[in-house]
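Now for the letters of each chain:
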2 protein chains.
Amino acid sequence: MQEMIRVAVDAMGGDNAPDEIVKGAVEAVGLRRDIKVFLVGKEERIREKLKAYSYGEEQIEVVEASEVIETAEPPVAAIRKKKDSSIVVGLKLVKEGKADAFVSAGSSGAVLVGGQLLVGRIKGVERPPLAPLIPTAKGVALLIDCGANVDARASHLVQFAKMGSIYMEHVVGVSNPKVALVNIGAEEEKGNALVKETFPLLKECRDINFIGSIEAREIPHGQADVIVCEAFVGNVILKLYEGVGAVLVSKIKDGMKTSLRSKIGGLLVKPALKETLKSFDATEYGGAPLLGLKGLVVKTHGSSKAQEVKNSILQCVTFKEQQIHDKIKENIIREEG
Amino acid sequence: MQEMIRVAVDAMGGDNAPDEIVKGAVEAVGLRRDIKVFLVGKEERIREKLKAYSYGEEQIEVVEASEVIETAEPPVAAIRKKKDSSIVVGLKLVKEGKADAFVSAGSSGAVLVGGQLLVGRIKGVERPPLAPLIPTAKGVALLIDCGANVDARASHLVQFAKMGSIYMEHVVGVSNPKVALVNIGAEEEKGNALVKETFPLLKECRDINFIGSIEAREIPHGQADVIVCEAFVGNVILKLYEGVGAVLVSKIKDGMKTSLRSKIGGLLVKPALKETLKSFDATEYGGAPLLGLKGLVVKTHGSSKAQEVKNSILQCVTFKEQQIHDKIKENIIREEG
């Protein structure tokens, strides 16, 4: 019998749960016979939604979880208290080896904390980074770390660079990905204490293609494939991408309403503009992996629809097929030894 | 006799020196009889340019400086070695009390380092922050600090908040400016060690209107008037603003070329679009003050043209008229006492 790739999915997480989550899961299993999805959450509601679809019965299993962790809840307390929440139950499936991966559009904090507490880190990995893909002029780049672990050390950033490089090469498919360190200037002597300590360590890494410092201005131009930074800076980059994009787009729309001429022009460019803006929307590339854990945990955007849920499940499949977990383990152990 | 406001201007700094610098100086003195500009740089070249204009002879004085600091030069070494550079000579005019302010479109690093070394800090000011204005959906916000001083302490950030608030209120004209601390979440318990230490200190400040944390996503929406952060994060914000804006605009332009329909539309919206994008271009708000020094030092964008140079000179006039220097001094001393 063919080996199944088993993905636990938080059916209760995000703005469009459970409808879009269930739909995405059905779409994913429809693409490949070797995917099995555990839909974790309120069984009755999930079964109600599943009725609308036809799919391979053995490919979707509903796992009851009576509680839901809300976005506003303090993550650590929520993970400890709500033992029967979809996030805790889903993560435990990974921990117990019943699932290879867990996907959630729910509380970022709870997924991050829960991933570390429940699934656990690969031996040797100091910190599991959250690594979303962000759009660039040339495609996408992996921004690592955007997680909840602030005040990182140089050794953490070196591991981020290695794990990010493995992910970008084998999951996203960029060969020999260019790795850069976020800095406030291109020269080696620039930067804060953390960057100055990290730079020479990255230069010494023979298993990554380190191209040096990258200034924030160059990130959207796509100068590097793996953007290494500590989580506070990563969070600022990710959120400012969204903020500047959103405000600029709304300004452009307002600008097109200033005269009759521009109004007519606006109507004509609208479809093309929509496509363009979509390709540069940071929220479109949902599915950020939390790397370095004993199983894959993927956080998709809270506003994820079926398409993003499906893509996140497929991302888990590639992750498993490419044995990223083993590659990270080997890479970290090689360094340690 | 009327008291003159004396501004030293680096005639050799930036991409468009000396032509646009000289033009900007002439335009500034043409607006007000009480402005005196010292054009610092290669006398012969400056005089050659000045010939093209008519202006009040007593309002512009050329001060010879035979050397130029290039952008690529390491700042500290450049300031020490090139004693007869336009930046060193200009800053010395401020130090010696011969000028009230110094404006340069030249090397940021050299202006920052030179400002501290040559002009010196106001007693009690721990670090002089560089504070550019960035565009927002509601107008502009002051981003403080974007300077060369990384690895700031909480006490520095508190002073940045105060100095930024004074500047925003009295120079930019925003009454009771809203001050926010850049953070990775809105809750008080979020953040890295620096932010967690700074937050309660800002809450205690009675002389600023502290509204709490701000996530990077909200900055472009204009939720706060003074955005407080340490220099590394400030630099990332400023440069990412530019980068995301530039790439998005070029994508939009490309998008408009995809079909005949969108091409025609593109032609119609072009003028309106141009205006809109200009209003959201971070480089348009040149003239970042280096606050907390014994005289005003203003760094304008390297690509500044006459208009930005003129505006920067006028900014120095407002700074002097509003006695910002005294206000900062009083505020810092009050706290110390």
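Everything discussed here concerns the structure shown above.
Let me begin by describing the structure that accompanies this report. (Residues numbered from 1 in each chain as written. Chains lettered and ligands numbered in written order. Predicted model: local features only at pLDDT ≥ 70, side-chain atom pairs only at ≥ 80, totals over all residues. Heavy atoms only, no water.)

## Some details on the overall build of chain A
- When helices and strands are tallied, chain A shows eleven helices and eleven strands.
- What you see for chain A is a C-alpha radius of gyration of 21 Å, in line with the 20 Å of a compact globule of 337 residues.
- For the C-alpha atoms alone, the extent of chain A along its principal axes is close to 70 × 55 × 40 Å.
- By residue count, 59% of the 337 residues in chain A fall in the buried class.
- Approximately 14000 Å² of chain A is accessible, and the part contributed by carbon and sulfur atoms is 49%.
- Charge separation in chain A, taken as the distance between the mean sites of 46 positive and 45 negative side-chain charges, equals 3 Å. (Helix = DSSP H or I, 4+ residues; strand = E, 2+ residues; numbered from the N terminus. Rg over C-alpha atoms; globule rule 2.2 N^0.38 Å. Buried < 20%, exposed > 50% of the residue type's maximum accessible area, 1.4 Å probe, protein only. Areas by Shrake-Rupley, 256 points an atom, 1.4 Å probe, with all protein chains shown as cover. Lys, Arg positive; Asp, Glu negative; His and termini not counted. Charge placed at Lys NZ, Arg CZ, Asp CG, Glu CD.)

## What about the interface of chain A and chain B?
- On the side of chain B, 53 residues touch chain A, which itself brings 53 residues to the contact.
- Interface area for chain A against chain B, summed over the two sides, is near 4800 Å², with a carbon-plus-sulfur share of 76%.
- Looking only at chain A, the three residues that lose the most surface to chain B are A:I184, A:F232 and A:L240, adding up to 14% of its buried area.
- Here chain A is connected to chain B by four salt bridges.
- Linking B:E242 and A:R217 is a salt bridge whose minimum nitrogen-to-oxygen distance equals 3.0 Å.
- At the boundary of chain A and chain B, one finds ten residue pairs in polar contact (both at pLDDT 80 or more).
- Only β7 (178-183), α7 (193-204), α8 (231-255) and α9 (260-279) of chain A provide two or more residues apiece to the side of chain A that touches chain B.
- With 19 residues, the top contributor of residues to the side of chain A that touches chain B is α8(A). (Contact = heavy atoms within 4.5 Å. Buried area = accessible area lost by both parts, 1.4 Å probe. Salt bridge = Lys/Arg side-chain N within 4 Å of Asp/Glu carboxyl O. Polar contact = N/O pair within 3.5 Å; in protein donor to acceptor, adjacent residues only side chain to side chain.)

## Some remarks on the packing of aromatic side chains
All names here are of chain A.
- All told, the structure shown has four aromatic pairs over all chains when counted by the stated rule.
- Both rings, one in Y167 and one in F319, keep their centres 6.1 Å apart while their planes meet at 45°; by these two values the pair is tilted. Remark: F319 occurs in helix α10 (residues 306-321) and Y167 occurs in helix α6 (residues 154-172); sequence separation between them is 152 residues. As far as the burial class goes, Y167 and F319 line up, both buried.
- Consider the rings of F199 and F210, whose centres lie 5.2 Å apart with planes at 75°: the pair is edge-to-face. A residue pair is termed long-range when its members are at least 10 positions apart, and F199 in helix α7 and F210 in strand β8 (residues 209-215) qualify at eleven residues. (Phe/Tyr/Trp six-rings, centres within 6.5 Å; stacked < 30°, edge-to-face > 60°.)

## Some details on the relation of the copies chain A and chain B
- Screw-axis analysis of chain A against chain B gives a translation of 0.0 Å along the axis, an RMSD of 0.1 Å, and a rotation angle of 179°. When the rotation and shift are considered jointly, the pair of chain copies conforms to a two-fold rotation axis. Closest to the rotation axis within chain A is the C-alpha of A:G265, separated from it by 1.9 Å.
- Of the interface residues in chain A, 100% have counterparts in chain B that sit at the interface too, so the contact is made through matching surfaces. (Least-squares fit on C-alpha atoms with pLDDT ≥ 70 in both.)

## Points about the packing of α6(A) against α7(A)
Residues and elements named next belong to chain A.
- The geometry of α6 relative to α7 is characterised by a closest axis approach of 9 Å and an angle of 45° between their N-to-C directions. Comparing the axis directions of α6 and α7 gives the class oblique. α6 and α7 meet at a crossing whose hand is right-handed. On α7, the residues that touch A154, L157, V158 and A161 of α6 are L194, E197, T198, L201 and L202.
- Of the residues that constitute the contact of α6 with α7, the class distribution is seven nonpolar, one polar and one charged. (Axes fitted to C-alpha atoms, helices over the stretch in contact; angles between N-to-C directions. Parallel < 35°, antiparallel > 145°, perpendicular 65-115°, else oblique. Left-handed = near helix turned anticlockwise from the far one by under 90°. Nonpolar A, V, L, I, M, F, W, Y, C, P; charged D, E, K, R; others polar.)

## What to know about the state of the cysteines
- Counted by the stated rule, this structure contains zero disulfides over all chains.
- A:C316 carries a free sulfur, and the closest cysteine sulfur to it, the one in A:C146, is 18 Å from it.
- Distance from the sulfur of B:C229, which forms no disulfide, to the nearest cysteine sulfur (B:C146) is 5.9 Å.
- When its relative accessible area of 3% is taken as the criterion, B:C229 is described as buried. (Disulfide = S-S within 2.5 Å.)

## Focus on the pattern of salt bridges
- Across all of its chains, the model carries 28 salt bridges over all chains by this definition.
- Salt-bridge contacts for B:K51 lead to B:E48; the nearest nitrogen and oxygen are separated by 3.5 Å.

## Regarding the sheet that holds strand β1 (residues 5-10) of chain A
Residue and element names in this part refer to chain A.
- Pairing is mixed across the open sheet formed by six strands, whose spatial order is β3-β2-β1-β4-β11-β10. Of all strands in the sheet, those bounded by a partner on one side alone are β3 (60-64) and β10 (288-290). Adjacent strand axes in the sheet meet at a mean angle of 25°, parallel and antiparallel pairs treated alike.
- Examined bridge by bridge, β1 and strand β2 (residues 35-41) share six bridges and lie parallel to one another. If you follow A8 over to β2, its bridge partner there is F38.
- Of the strands in this sheet, β2 and β3 are in contact with helix α2 (residues 43-50), which crosses β3 at around 155°. (Pairing = 2+ DSSP bridges.)

## Focus: unusual backbone geometry
- The omega torsion of the bond from A:A17 to A:P18 falls at -5°, within 30 degrees of zero and hence cis.
- Residue position: A:P18 is located in the loop between β1 and α1 (19-31).
- Look at A:D151: it is not a glycine, yet its phi comes out positive at around 55°.
- Assignment of secondary structure puts A:D151 in the loop between β6 (139-144) and α6.
- On the basis of relative accessible area, A:D151 is assigned to the partly exposed category, the value being 41%.
- Not every positive phi belongs to a glycine, and B:N176 is a case in point at roughly 45°.
- If you trace the backbone, B:N176 turns up in the loop between α6 (154-172) and β7 (178-183).

## Examining the sheet that holds β7(B)
Residue and element names in this part refer to chain B.
- Spatial strand order, β5-β6-β9-β7-β8: five strands in an open sheet with mixed pairing. Either end of the sheet is taken by a strand with one partner, and the two such strands are β5 (133-136) and β8 (209-215). The sheet shows a mean angle of 30° between the axes of neighbouring strands, taken without regard to direction.
- Relative to β8, β7 runs parallel, the two sharing six bridges. Paired with K178 across the strands is N209, a residue of β8.
- Against the sheet, helix α7 (residues 193-204) makes contact with β7 and β8, and its axis sits at roughly 165° relative to β7, the strand it touches most.

## As for the environment of B:A272
- Tracing the chain through its elements places B:A272 in helix α9 (residues 260-279).
- What makes B:A272 buried here is its relative accessible area of 13%.
- The contact partners of B:A272, leaving out residues within four places of it in the chain, are A:G255, A:T258 and A:S262.

## Some details on the packing of α1(A) against α2(A)
Residues and elements named next belong to chain A.
- Closest axis-to-axis distance for the α1/α2 pair is 10 Å, and the angle between their directions is 55°. It follows from the interaxial angle that α1 and α2 lie oblique. Considering only the axes of α1 and α2, their crossing is right-handed. Across from D19, V22 and V26 in α1, the residues of α2 making contact are I46, K49 and L50.

## Here's the deal with the nonpolar core
- Of all hydrophobic cores here, the largest spans 187 residues; its most connected members are A:L39 and B:L39.
- Other than its neighbours up to four places away in sequence, B:L39 contacts B:V9, B:A11, B:I21, B:V22, B:A25, B:I46, B:L50, B:I60, B:E61, B:V62 and B:V63. (Core = buried A, V, L, I, M, F, W, Y, C linked by side-chain atoms within 4.5 Å.)

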